[in-house]
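Given next are the chains, with one letter for each unit.
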Amino acid sequence: MKQNILSGMRPTGRLHLGNLYGALINWIKFQEEDYNRFYFVADLHALTTGFDNSKDIYSNTIEMVIDWLAFGLDENKNTIFVQSLVREHTELFLLLSMITPVGWLERVPSYKDQVQQLGKDKTANFGFLGYPVLMSADIIIYKASYVPVGVDQVAHLEFTRELVRRFNAFVGKKVFIEPQPKLTKSPKILGLDGRKMSKSYGNAIYLSDSEEETSKKINVMFTDPRRKRKTDPGVAEECGVFMLHKIFTDINKQKEIKSACSKATIGCVECKKILSKNINAKLREARNRRKELEKRKDYIVDILRDGSKRASTVAKKTLEEAKDGIFGCNFYR
Ligand code: TRP
Ligand code: SF4
């Protein structure tokens, strides 16, 4: 039997290069491998910290899925769906919450981080504490063997595995399987200001940006501070511009730039010009697809409805098994 892969993203709206090359490229790679693939919009997770902006979630969902498809995620090769359209996630979340020790939740590193970052008020709700339980439900309801995610999600998967062991031990049956992370091996992507590329820092380049906007952004991007004057040599490996060259520029040209930077025989202006040209060339097709998809939002909704129905059939079966296991009867089949 084919193994299952599943991953999800919170609907943050349009995706930037960090999202695309940090996560999505990995999802797309699996299209060529022999798995059942499930990718979903974690809109319920968005509510855990965003209830006050809940009206934005729908349009953010559509914009994000447009980027998925434009960048190359194929709706015919993957089950693409919306978490809140598959009710079984919510029901399993409730069942799992009965066996989840509160102490485990308080010990999840991202919990403490987020409380610190967002403040006590925004994170004082029960649903936010339960974030990893809902995430566990998302994964195990499809009996996913692998979950392509970034390193920041590894602790959540560790939590999921522990919860699976606990559940299976309670019911005395191997209802769920323990998922493994599939880490993305992509180079670090820095934003315009040299910090990590992030929507909230306002330092990102988007697939939805025009070629002109892209070039303008690259032009103001931080470079190696050693290169105050054009005659000062620099270290390309410590420059955010060069990190993007590593994704968008062919390897020979990269070597040439690296050496020229260290000898100050190339200026940052020229280096950036080459980069803008390469980014724009590489993204051109996806950007055109994006523009076409923008005009077909109904089609996006159809894909998500249809995918959610298919996902639901799979999720329903697992949920029935789980309930049979808990209550010791076959009431639910
Ligand atoms: N927590 C993930 C993130 O912030 C999103 C997510 C929710 C997820 N459920 C998931 C990822 C299940 C993988 C599998 O990016
Ligand atoms: Fe960065 Fe290029 Fe300038 Fe070197 S030449 S510091 S790699 S922008």
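Computed from a predicted structure; not experimentally measured.

Caption draft 1: How the structure looks around the site of ligand 2. The environment of ligand 2 is formed by T223, D224, R227, A236, C239, V241, F242, C261, I266, C268 and C271. Of the residues contributing to the shell around ligand 2, the split by class is eight nonpolar, one polar and two charged.

Caption draft 2: Structural context of the packing of helix α4 (residues 88-97) against helix α8 (residues 131-140). Relative orientation of the contacting elements α4 and α8 amounts to 120 degrees, with a least axis distance of 8 Å. Considering their axes alone, α4 and α8 lie oblique with respect to each other. Seen from above, α4 lies across α8 with right-handed handedness. From α4, H89, L92, F93, L96 and S97 reach across to α8, where they touch V133, L134, S136, A137, D138 and I140. Across the contact of α4 with α8, the residue classes tally to seven nonpolar, three polar and one charged.

Caption draft 3: View of the pairing of strand β5 (residues 180-183). Bridging between strand β4 (residues 146-149) and β5 involves four bridges; their strand directions are parallel. The residue bridging V149 from the neighbouring strand is L183, located in β5. One crossover worth recording links β4 to the parallel β5 by way of helix α9 (residues 154-171), and it is right-handed.

Caption draft 4: Representation of the site of ligand 1 in the model. Around ligand 1 lies a shell of 14 residues, among which R10, H45, Y131, D138 and Q153 are the nearest. Interatomic distance of 2.9 Å between a side-chain N/O atom of R10 and an oxygen atom of ligand 1. Side-chain polar atom of Q153 to a nitrogen atom of ligand 1: 3.0 Å apart, as the coordinates give it. Computed on the free molecule, ligand 1 has an accessible area of 370 Å², of which 92% lies beneath the protein chains in the complex. Those elements that place two or more of their residues in the shell around ligand 1 are β1 (3-9), α8 and β4. The greatest single-element share of the shell around ligand 1, amounting to four residues, is contributed by α8. Across the shell around ligand 1, the residue classes break down as eight nonpolar, four polar and two charged.

Caption draft 5: How the structure looks around the domain arrangement of the protein. For the protein, the assigned domains read domain 1 (3-189 + 297-327) and domain 2 (211-292). Just the C-alpha atoms count here: the centres of domain 1 and domain 2 sit 35 Å apart. The interface of domain 1 with domain 2 comprises 13 residues on the first partner and ten residues on the second. Summed over both partners, the interface of domain 1 with domain 2 comes to about 950 Å²; 68% of that surface belongs to carbon and sulfur atoms. Of all residues in domain 1, the largest losses of buried area upon contact with domain 2 belong to L17, Y21 and A70, amounting jointly to 48% of the total for that side. Its salt-bridge partner being E63, residue R290 comes within 2.9 Å of it at the nearest N-O pair. The interface formed by domain 1 and domain 2 contains three residue pairs in polar contact (both at pLDDT 80 or more). Going through the elements one at a time, α1 (17-29) and α3 (57-71) are the ones with two or more residues in the side of domain 1 that touches domain 2. Among the elements that take part in the side of domain 1 that touches domain 2, α3 stands out by supplying six residues, more than any other. Split into classes, the residues belonging to the side of domain 1 that touches domain 2 amount to eight nonpolar, one polar and four charged.

Caption draft 6: Up close: the environment of N19. For N19, the position within the fold is in helix α1. Since its relative accessible area comes to 22%, N19 is described here as partly exposed. In the structure, N19 is positioned 185 residues away from A204 in sequence and 10.0 Å away in space, judged by C-alpha atoms.

Caption draft 7: View of the pairing of strand β2 (residues 35-41). The buried fraction of β2 is high, at six of seven residues. Two elements, β1 and β2, share seven bridges in a ladder whose sense is parallel. When the sheet's bridge partners are listed, G8 is paired in β2 with F40. As defined by bridge partners, β2 adjoins strand β3 (residues 79-82) across four bridges and the pair is classed as parallel. Bridge pairing in β3 places F40 opposite F81.

Analysis parameters
Residues numbered from 1 in each chain as written. Chains lettered and ligands numbered in written order. Predicted model: local features only at pLDDT ≥ 70, side-chain atom pairs only at ≥ 80, totals over all residues. Heavy atoms only, no water. Near = heavy atom within 4 Å. Nonpolar A, V, L, I, M, F, W, Y, C, P; charged D, E, K, R; others polar. Axes fitted to C-alpha atoms, helices over the stretch in contact; angles between N-to-C directions. Helix = DSSP H or I, 4+ residues; strand = E, 2+ residues; numbered from the N terminus. Parallel < 35°, antiparallel > 145°, perpendicular 65-115°, else oblique. Left-handed = near helix turned anticlockwise from the far one by under 90°. Contact = heavy atoms within 4.5 Å. Pairing = 2+ DSSP bridges. Right-handed = clockwise from strand over helix to strand, strands pointing away. Polar contact = N/O pair within 3.5 Å; in protein donor to acceptor, adjacent residues only side chain to side chain. Areas by Shrake-Rupley, 256 points an atom, 1.4 Å probe, with all protein chains shown as cover. Domains from an automatic or database assignment. Buried area = accessible area lost by both parts, 1.4 Å probe. Salt bridge = Lys/Arg side-chain N within 4 Å of Asp/Glu carboxyl O. Buried < 20%, exposed > 50% of the residue type's maximum accessible area, 1.4 Å probe, protein only.

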